[in-house]
Amino acid sequence: MPLTVRQFPCLSDNYGFLIRDEASGKTACIDTPEVEPVLAELKKAGWGLDYILNTHWHPDHAGGNAAIKEATGATIVGPAEVRRIAPLDREVGGGDVVELGETKLQVIDSGGHTLGHIAYFDPASRMAFVGDTLFALGCGRLFEGTAEQMWDSLSRLTALPDDTQVYCAHEYTASNARFALSVDSSPELKARAEDIFAARERGEPTVPTTIGLEKATNPFLRAGSAGRFAEVRAAKDAFKG
Ligand code: ZN
Ligand code: FE
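Bear in mind the structure is a predicted one, so any value in this text is a computation, not a measurement.

Draft legend 1. Quick look at unusual backbone geometry. In this model, Val207 is joined to Pro208 through a cis peptide bond whose omega is 5 degrees. Structurally, the position occupied by Pro208 is in the loop between helix H6 (187–201) and strand E14 (209–210). Non-glycine residue Arg126 carries a positive phi angle of around 55 degrees. Examined against the element boundaries, Arg126 turns out to sit in the loop between strand E9 (118–122) and strand E10 (127–131).

Below is the structure:
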C-alpha cells in the first residue's frame, strides 16, 4: 500500500509534510516548522497524528514538537540532537528503521548541515524526506559538519533509486537555480532553470524533486569529489545573486 503525502507551506519558505500509511491509517508529520499550519492540515485531512519524525534540531524543524505533541499525543522520533531545543521520545540514527504501520522508513545518516541530521526513506513508495541536506539544485549550509561529512551524506542520498521523490524542507529552488547557472552551463540545467522560474512565477512549488533530476543538474552533486564539493559550497555561501 502506498504512502500518501500532503505538502503545505510553513513560515516564509519551509514545507511541512504529513505522511500516511494507507494500509493502517498511521500518520506522521515530518518536522514541526510551525504549529498552526500542521494542526490545520491534519484537520483538513481528517487525520490524527501518531508520530513526529524530526530530521534535525533547528527551530524551523523541531520548534513545534512540544505543542504538536500536546495537541495530538504523537510520539516524537528523531536524532538525539533534537533534545537541544525540544522534546524527543525515541532517538534514532543511520541504519535504524521506523515503522509507520506497514511502511518501514529507513533512517539515513545525513550529517553536515547539523552533525546529527538524518533523512527518512521509504523504499516501497520511493520517497525520501531529506530535511536540509539536499535541496532542488542545492544543498544545506555546513553549520556544524565538514564538507567531507556532507559529501558522504549526499552520496548516500544519490545512491537511492533515480525515481525516488525527494521532499526537501525549503523552497529555495529559484535562488539555487541562479547560483547553479553561475557555475554550470549544461543545457539540462538551463532548461530546468527556465521551468523553475516559470513555476515560481505561477506560485507553484518546485518540491518534490527526484534523485535522477538532481544527479543530472544539481551543481553540488555534480562536483564529483569532496574537495570540489567544498569549493562549490564556499562559492554558494559567497554568492550574491
Ligand atoms: Zn536547518
Ligand atoms: Fe531549515
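Draft legend 2. Highlighting the side chain of Asp31. Here Asp31 is to be found in the loop between strand E3 (26–30) and helix H1 (35–45). Arg84 provides the closest opposite charge to the buried, unpaired Asp31, separated from it by 14 Å. For Asp31, the residues in contact, after removing those within four places along its chain, are Leu53, Asn54, Thr55, His56 and His61.

Draft legend 3. Highlighting the sheet that holds strand E4 (residues 51–53). Ordered by their spatial adjacency, 6 strands build an open sheet running E1-E2-E3-E4-E5-E6, and the pairing between neighbours is mixed. The sheet is open, and its two borders are formed by strand E1 (3–10) and strand E6 (90–91), each paired with just one other strand. Bridging between strand E5 (residues 75–78) and E6 involves 2 bridges; their strand directions are parallel. Residue pairing in the sheet places Gly78 in a bridge with Glu91 of E6.

Draft legend 4. The coordination of the zinc ion (ligand 1), seen in detail. At the metal site, the zinc ion (ligand 1) is ligated by His56 (NE2), His58 (ND1), His113 (NE2) and Asp132 (OD), and these contacts range over 2.2 to 2.3 Å. For the zinc ion (ligand 1), the 4 donor atoms are set out with angles of 85 to 173 degrees between them, so the coordination reads as irregular. When the donors of the zinc ion (ligand 1) are listed by position in the chain, the intervening gaps give H-x1-H-x54-H-x18-D. Between the zinc ion (ligand 1) and the iron ion (ligand 2), a separation of 3.2 Å is found, and both are coordinated by Asp132. Here His113 is found in the loop between strand E8 (103–109) and E9, whereas its partner Asp132 is found in the loop between E10 and strand E11 (134–135), with 19 residues between them in sequence. Assigned by exposure class, His113 and Asp132 land together as buried.

Draft legend 5. Region of interest: the coordination of the iron ion (ligand 2). The iron ion (ligand 2) binds to the protein through Asp60 (OD), His61 (NE2), Asp132 (OD) and His170 (NE2), with metal-donor distances spanning 2.1 to 2.3 Å. Bound by 4 donor atoms, the iron ion (ligand 2) shows angles of 85 to 166 degrees at the metal and therefore irregular coordination geometry. Within one chain, the residues donating to the iron ion (ligand 2) are spaced in sequence as D-H-x70-D-x37-H. In this structure His170 comes out as buried when scored by relative accessible area, which is 4%.

Draft legend 6. Quick peek at helix H8 (residues 226–238). Look at H8: 18 Å from first C-alpha to last across 13 residues, which is about the 18 Å you get at 1.5 Å a residue. Listed as buried for H8 are Ala226, Phe229, Val232, Arg233 and Lys236. What you see down the axis of H8 is that its buried residues fit within an arc of 115 degrees, all on one side. Of the surrounding secondary structure, the elements contacted by the buried residues of H8 are strand E12 (138–139), helix H4 (147–158) and helix H5 (173–183).

Thresholds applied
Residues numbered from 1 in each chain as written. Chains lettered and ligands numbered in written order. Predicted model: local features only at pLDDT ≥ 70, side-chain atom pairs only at ≥ 80, totals over all residues. Heavy atoms only, no water. Helix = DSSP H or I, 4+ residues; strand = E, 2+ residues; numbered from the N terminus. Buried < 20%, exposed > 50% of the residue type's maximum accessible area, 1.4 Å probe, protein only. Lys, Arg positive; Asp, Glu negative; His and termini not counted. Salt bridge = Lys/Arg side-chain N within 4 Å of Asp/Glu carboxyl O. Contact = heavy atoms within 4.5 Å. Pairing = 2+ DSSP bridges. Donors = N, O, S within 2.8 Å, 3.2 Å for Na, K, Ca; no water. Tetrahedral: all angles 85-135°; square planar, octahedral: opposite > 155°, others 65-115°. Expected span 1.5 Å × (residues − 1). Arc of directions from axis to C-beta.

Keep in mind these values describe shape, not function.
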